[in-house]
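Here's the letter readout for the chains.
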Amino acid sequence: MSVVRTKVLGLVDVIMRVPSLFIIDEILKMGIGEPIIQSVGQGPNSTAINLDPPVAAMLPEDDRGMQDSIEVYKFISFAVFKFLFCLFGAISAACVFMLWTRHLVIVYMYIVSVGLIFLSYWSNVSALSVISDSPSLLEDVLSLNMERLLDPGGVLISILPHLLAQWLMGVIFAYIHLGPRHKIIQKALPFSFLMPLLLAMLPLPSIVLKHSPAFAAILPLVLSKIALWSSSFDVVKTILSGYQHARNFASNFGIATLIENEWQRLNVPCVLRVFWTIRLLEHLISLLMSSEAPLRFAATVQSVLVSGCETLTAVLGMTSIISLICHYIGKMFQLFLLSEDYDEDKSIGTVSAILFYILALQTGLTSLSPDKRIIRLCRNMCLLVTALLHFLHNIVAPILMSLSAARNPSRKRHARALIVCAFLLIAPGTLLAVLWASHSPSTWLLAVTAFSVEVIVKVLVSLATYTLFLLDARRQTFWEKLDDYVYYIRAFGNSVEFCFGIFLFFNGAWILIFESEMIPIGGAIRALMMGIHAYFNIWCEARAGWVVFMKRRTAVHKISSLPEATTMQLHQFDDVCAICYQDMTSAKITRCNHYFHGVCLRKWLYVQDRCPLCHEIIMNQDGNAGDESIEEHPNNVENAIAANARNDRTGNETLNRQQAQAILNGSHQTDALNQPLFDDTFLEEQITNHNRASASRSIGGNTIDSQDDAQLEITRISSFRQPVSDGQMDSRENYWSVKKDHRTTPRPFTDPERTENWPGEEEYVQPTHFNASIACDIQTTCCTCDY
């Protein structure tokens, strides 16, 4: 029951807002009071106000000029007054339209109460005109003249409907008026409405009966005036509070959120649909009543559509209907495609409505004559149909990609998606064939052609990509060229769209320069839309495409510089690509000795230049990757120690973790090849020079001698030159003994992947992470890091 009540109240709220739109619509029909001056065949001294030629000719020249000036002043004054009155009416109607429901009810209560007063006056005057020429009703009642009382054409039968209407209007006024509600006044109001008819039954002079309706309306008018005066302060307060609410809401949530919130509160689409439907029914009824011959269907539809886009408010109403139709078309296609998660159909109606209204504004639809208006309306509909085809492609394209990528075995869904694609290929082709057969080439036809061909190209690109993914799903091996083929196809489609965007820009510029001189407002809107199109559809698309091209070009150059894995290396590796988890028939080897598919690594390089596994920089900044050999790693250590010296001189005892990891990965590879990584003599020289530069180092508040630091460095390096083995455990113990002597309290490493302890240490660090800790210690010689 509550749901029904909510719907009923919502319908009442919509209906109460419709009259405001009709008021604005009528004001727009009058051109907001703007005068229309027609000077056809008039002399240079003539004006828009045509004087009677004989009267003007009879006046002297001085009097004639003065009379013309007076007429011009009257005309201008009347035009200004009319314009201000219409503007005030439009603003008032818009304010009433935007009121809250409770305030809207109060406004309608006041309007209905005032309307009842005037309706009562008109009814009393009509009834008195019937009674004035008839015998006295009181005499017939006193004499019990039933023959005249019951006569169908008699006075009693004639005024009986007026009596009932006056009593009903009095009761309604007493219930809804906003004035003082004293008991005596409430009881007197129905009799006030009935007073003229009651007096007419008495044998009173005609002058009294003639003015009795005016006297009967005094009490209701006084109550209405009191209500208006007492509510005037509330009106100003309501307007100020509404402005303050909108200002605070916009400052907190933004203007866009405010507009969206008010749009939903006022239920604007439903109000516009009801308004446009009532307007069309009104026009259709007037056609049926004014036409004597039977109406033809085509002519009637054309007349109704022309009337339906006569003003800006009427165009808004038509826009709401078109939005509803497009929304259900998108919903129908979504249901046909068995898609439940895709939400593109929700925006089809909104975008279609905005597009149609912009087309109506920039083509000056409301200012055209009826015969030209229907032609322009049909052309705008053709453009809207092509835009709708684009929206439908936006629905089916992701579904095609998901079906091919997920290797969905449901043939029903594949068939439905392909049927929609076939429709999107046939519909624009049929539309172009019909239009080119019935119209000569024009800027409008070229625009429709560009949009239609663009739809066909986009559908073909989607189908080609879908086919490639299906073929890839049937292959048993990894298809490395798939990414290249998909890129080429999509690049072709994007290039075609970009070219059509440039073509449409020049087409619009031609229309703006050579075809929009008679529609200044439409030309301004077209120029604005051209600017938006040039920025978003041309500049932004070109910049994004160039960025993608340069990323791909750079990635291809980097990949080509990496060494290719031989068949023997792939056989020894005997693993899958760590990016796509597919078997490798070919691979690229990074400088950190990791194997990846070339195409997978290229996609990874679009994002970053580090190895997906160890996060080492894959190649140098100059792009010469793959040239470094294992023997170059000592140079990396030398660079690390030199960086350490620079850091010590500036007082900074931290190291970039990624650089340390890069060094240690190289150390691990060298250990795996059983080759010495460090040169003791070289390191002793470097550390001695370093110690001479810095006499002492402060570690956690304790000062350590530089020679002890040098000895500690040498001990650390020499203890980890070879891979870890049982025979080398003494080196580990030596390392930890030196470290324990160096620190008062041993601090274990906190790596999460440690599994067991070393002698003298609480936990064991796996080789890669342990090497990182060694690099950190080499750089800082302090034990304050987390490793």
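On a predicted model such as this, the values are computed, not experimentally measured, just so you know.

1. Focus on the overall build of the protein chain
The helix and strand tally for the protein chain stands at 28 helices and four strands. For the protein chain, buried positions account for 37% of its 787 residues. Summarising the internal contacts of the protein chain: among those between residues at least 6 apart in sequence, 68% fall at separations of at least 24. Accessible surface, the protein chain: about 46,100 Å² in total, of which carbon and sulfur atoms supply 64%.

2. Remarks on the confidence of the model for the protein chain
For the protein chain, per-residue confidence averages 75 on the pLDDT scale, and residues scoring 70 or more make up 69% of the total. Per-element mean pLDDT across the protein chain ranges from 35 in helix α28 (residues 767-780) up to 94 in helix α17 (residues 411-438). Predicted confidence is poor over residues 36-59, with pLDDT under 50, and the contacts of this stretch with residues over four places away or in other chains come to 15 contacts. Overall, residues 693-787 carries pLDDT values under 50, and its contacts beyond four positions in sequence, including any with other chains, amount to 141 contacts.

3. Description of the packing of aromatic side chains
In this structure the tally under the stated criterion is 13 aromatic pairs. Between the aromatic rings of Trp510 and Phe514, the centroid separation amounts to 4.3 Å while the plane-to-plane angle is 40 degrees, which identifies the pairing as tilted. One end of the pair, Trp510, and the other, Phe514, are both in helix α19 (residues 482-514), four residues apart, so they sit about a helical turn from each other. According to the relative accessible area criterion, Phe514 is partly exposed, its value standing at 47%. An angle of 85 degrees between the planes, with centres 4.9 Å apart, marks the rings of Tyr535 and Phe536 as edge-to-face. Residue class for Phe536 comes out partly exposed when judged on its relative accessible area of 48%. Geometry around Trp444 places Arg379 over its ring, the cationic atom sitting 5.0 Å from the centre. Positioned above the aromatic ring of Phe336, the side-chain terminus of Arg416 is 5.1 Å from the ring centre.

4. A word on the packing of helix α9 (residues 206-216) against helix α10 (residues 218-253)
The contact between α9 and α10 brings their axes to 5 Å, and the two run at 25 degrees. Taken together, the axes of α9 and α10 lie roughly parallel to each other. Within the contact between the two elements, α9 uses Ala214, Phe215 and Ala216 and α10 uses Ile218, Leu219 and Pro220. Looking at the contact of α9 with α10, its residues break down into six nonpolar, no polar and no charged.

5. A look at the UniProt feature "domain: RING-type" (unreviewed entry) in the protein chain
Using the residue numbers shown here, the UniProt feature "domain: RING-type" (unreviewed entry) corresponds to residues 577-615. Helix makes up 21% of residues 577-615 and strand 10%, with an end-to-end C-alpha separation of 16 Å.

6. Side note on the pattern of salt bridges
Under the definition given, this model contains eleven salt bridges. Between Arg279 and Glu310 there is a salt bridge whose closest N-O contact spans 3.4 Å. Here Arg279, found in helix α12 (residues 268-290), pairs with Glu310, found in the loop between α13 (297-308) and α14 (312-336); they are 31 residues apart in sequence, far enough to count as distant. According to the relative accessible area criterion, Glu310 is partly exposed, its value standing at 31%. Here Lys603 makes a salt bridge to Asp483, at a shortest N to O gap of 3.8 Å. Residue Lys603 is located in helix α22 (residues 598-605), and its partner Asp483 is located in helix α19; the two are separated by 120 residues in the primary sequence. By relative accessible area, which is 43% here, Lys603 ends up partly exposed. Note on Asp483: relative accessible area 18%, which makes it buried. Among the charged side chains, a network of salt bridges with common partners joins Asp483, Asp484, Arg602 and Lys603.

7. Some thoughts on the environment of Ser212
Turning to its location among the elements, Ser212 is positioned in helix α9. According to the relative accessible area criterion, Ser212 is buried, its value standing at 3%. Sequence separation between Ser212 and Leu128 is 84 residues, and the spatial gap between their C-alpha atoms is 9.5 Å. Among all residues touching Ser212, those that are not within four sequence positions of it are Leu128, Met195, Pro196 and Leu199.

8. Section: the state of the cysteines
Scanning the entire structure with this criterion turns up zero disulfides. Here Cys600 is not disulfide-linked; the sulfur of Cys580 is the nearest cysteine sulfur, at 3.5 Å.

9. A short note on the side chain of Thr386
When you line up the elements, Thr386 lands in helix α16 (residues 370-405). Leave out the neighbours within four places in its chain, and Thr386 touches Leu431, Val448, Phe451, Ser452 and Val455.

10. Considering unusual backbone geometry
Of note, the phi angle at Asn267 is positive, near 55 degrees, even though the residue is not glycine. In this fold, Asn267 is placed in the loop between α11 (255-266) and α12. Assessed through its relative accessible area of 28%, Asn267 is described here as partly exposed. The backbone phi angle of Asn593 is positive, close to 65 degrees, even though this residue is not glycine. Mapped onto the fold, Asn593 is located in the loop between β1 (588-589) and β2 (595-596).

11. Brief notes about α17
Each α-helix turn comprises 3.6 residues. Residues three or four places apart therefore point the same way. If you check α17, its first and last C-alpha atoms are 40 Å apart, about what 28 residues at 1.5 Å a residue would give, namely 40 Å. Taken residue by residue, α17 has His414, Ala417, Val420, Cys421, Leu424, Pro428, Leu431, Leu432 and Leu435 as its buried positions. Packing partners of the buried residues in α17 comprise α14, α16 and α18 (443-474).

12. Things to note about the nonpolar core
Met318, Leu337, Phe356, Leu377, Val396, Leu400 and Leu424 are the most contacted members of the largest nonpolar core, which has 37 residues in total. Among the elements of the structure, α12, α13, α14, α15 (344-362), α16, α17 and α18 are those that each provide at least two residues to this core. Here the element with the most residues in this core is α16; it accounts for 13 residues. Excluding residues that lie within four positions of it along the chain, Leu337 makes contacts with Ile395, Val396, Ile399, Arg413, Arg416, Ala417 and Val420. One finds Ala565, Met584, Ile589 and Tyr595 within the second-largest nonpolar core, a separate group that totals 20 residues.

13. Points about the packing of helix α4 (residues 101-131) against α10
Their axes nearest at 11 Å, the elements α4 and α10 cross at an angle of 155 degrees. Taken together, the axis directions place α4 and α10 in an arrangement best described as roughly antiparallel. Crossing of α4 against α10: the hand is left-handed. Of the residues in α10, those in contact with His103, Tyr110, Ser113, Val114 and Ile117 of α4 are Pro220, Leu221, Ser224, Ala227, Leu228 and Thr238. Here the contact of α4 with α10 is built from residues that sort into seven nonpolar, four polar and no charged.

14. Comments concerning the environment of Ile511
Tracing the sequence through the fold places Ile511 in helix α19. By relative accessible area, which is 11% here, Ile511 ends up buried. Sequence spacing of Ile511 and Gly523 is twelve residues, and the spatial spacing of their C-alpha atoms is 8.7 Å.

15. A look at a nonpolar patch on the surface
Judged by side-chain polarity, Ile76, Val80, Phe83, Leu84, Leu87 and Ile91 come together as a nonpolar surface patch covering roughly 500 Å² of accessible area. Looking at Ile91, the relative accessible area reads 46%, which means it is partly exposed.

16. Remarks on α10
The first and last C-alpha atoms of α10 sit 50 Å apart over 36 residues, in line with the 52 Å expected at 1.5 Å per residue. Along its length, α10 reaches its greatest deviation from straightness, about 35 degrees, at Ser231. Of the residues making up α10, those classed as buried are Pro220, Leu223, Ser224, Ala227, Phe249 and Ala250. Once α10 ends, the next one or two residues include Gly254, with phi positive near 100 degrees.

Rules used throughout
- Chains are numbered independently. Their residues run from 1 in the order of the written sequence.
- Predicted model: local features are reported for residues with pLDDT of at least 70 only, side-chain atom pairs are reported and counted for 80 or more only, and whole-chain, interface and lining totals are derived from all residues.
- Each side-chain value is derived from all of the structure's non-hydrogen atoms; neither hydrogens nor water enter the calculation.
- Strands are runs of DSSP state E lasting at least two residues, helices are runs of H or I lasting at least four, and both sets are numbered from the N terminus onward.
- When accessible area is computed with a 1.4 Å probe and restricted to protein chains, residues below 20% of their type maximum are described as buried, those above 50% as exposed, and intermediate ones as partly exposed.
- In what follows, residue pairs with any heavy atoms lying within 4.5 Å of each other are defined as contacts.
- Under the convention used here, a 1.4 Å probe and the Shrake-Rupley method define accessible areas, while residue burial counts only the protein chains that appear.
- Values of pLDDT, ranging from 0 to 100, describe the predictor's confidence in every residue of the model.
- Aromatic pairing here means that ring centres of Phe, Tyr or Trp (its six-membered ring) are within 6.5 Å. Orientation follows from the plane angle: under 30 degrees is stacked, over 60 is edge-to-face, and everything else is tilted.
- Here, over-ring charges are defined by two tests on the NZ atom of lysine or the CZ atom of arginine: distance to the ring centre within 6 Å, and angle to the ring normal within 35 degrees.
- Only the stretch in contact is used when fitting a helix axis, every axis being a line fitted to C-alpha atoms; angles between N-to-C directions are given from 0 to 180 degrees.
- Oblique is the label for every angle not falling under 35 degrees (roughly parallel), over 145 degrees (roughly antiparallel), or within 65 to 115 degrees (roughly perpendicular).
- Nonpolar residues are Ala, Val, Leu, Ile, Met, Phe, Trp, Tyr, Cys and Pro. Charged residues are Asp, Glu, Lys and Arg, and all others, Gly as well, are polar.
- UniProt positions are given in the numbering used here, feature names are shortened, and annotations may be inferred rather than shown by experiment.
- Counted as salt bridges are all cases of a side-chain nitrogen of Lys or Arg within 4 Å of a carboxyl oxygen of Asp or Glu.
- The disulfide definition used here is simple: a pair of cysteine sulfur atoms within 2.5 Å.
- Residue count minus one, scaled by 1.5 Å, sets the expected span of a helix.
- Side-chain atoms within 4.5 Å link the members of a nonpolar core, which is a set of buried Ala, Val, Leu, Ile, Met, Phe, Trp, Tyr and Cys residues.
- Two helices that cross are described as forming a left-handed crossing if the nearer one is turned anticlockwise from the farther one by less than a right angle, and a right-handed crossing if clockwise.
- Here the term patch refers to residues with relative accessible area over 30% and no salt bridge, with like charges joined within 9 Å and nonpolar side chains (Val, Leu, Ile, Met, Phe, Trp, Tyr) within 5 Å.
- Note that bend, as reported per residue, equals the angle between axes fitted to the 7 residues terminating at that residue and the 7 residues originating from it.

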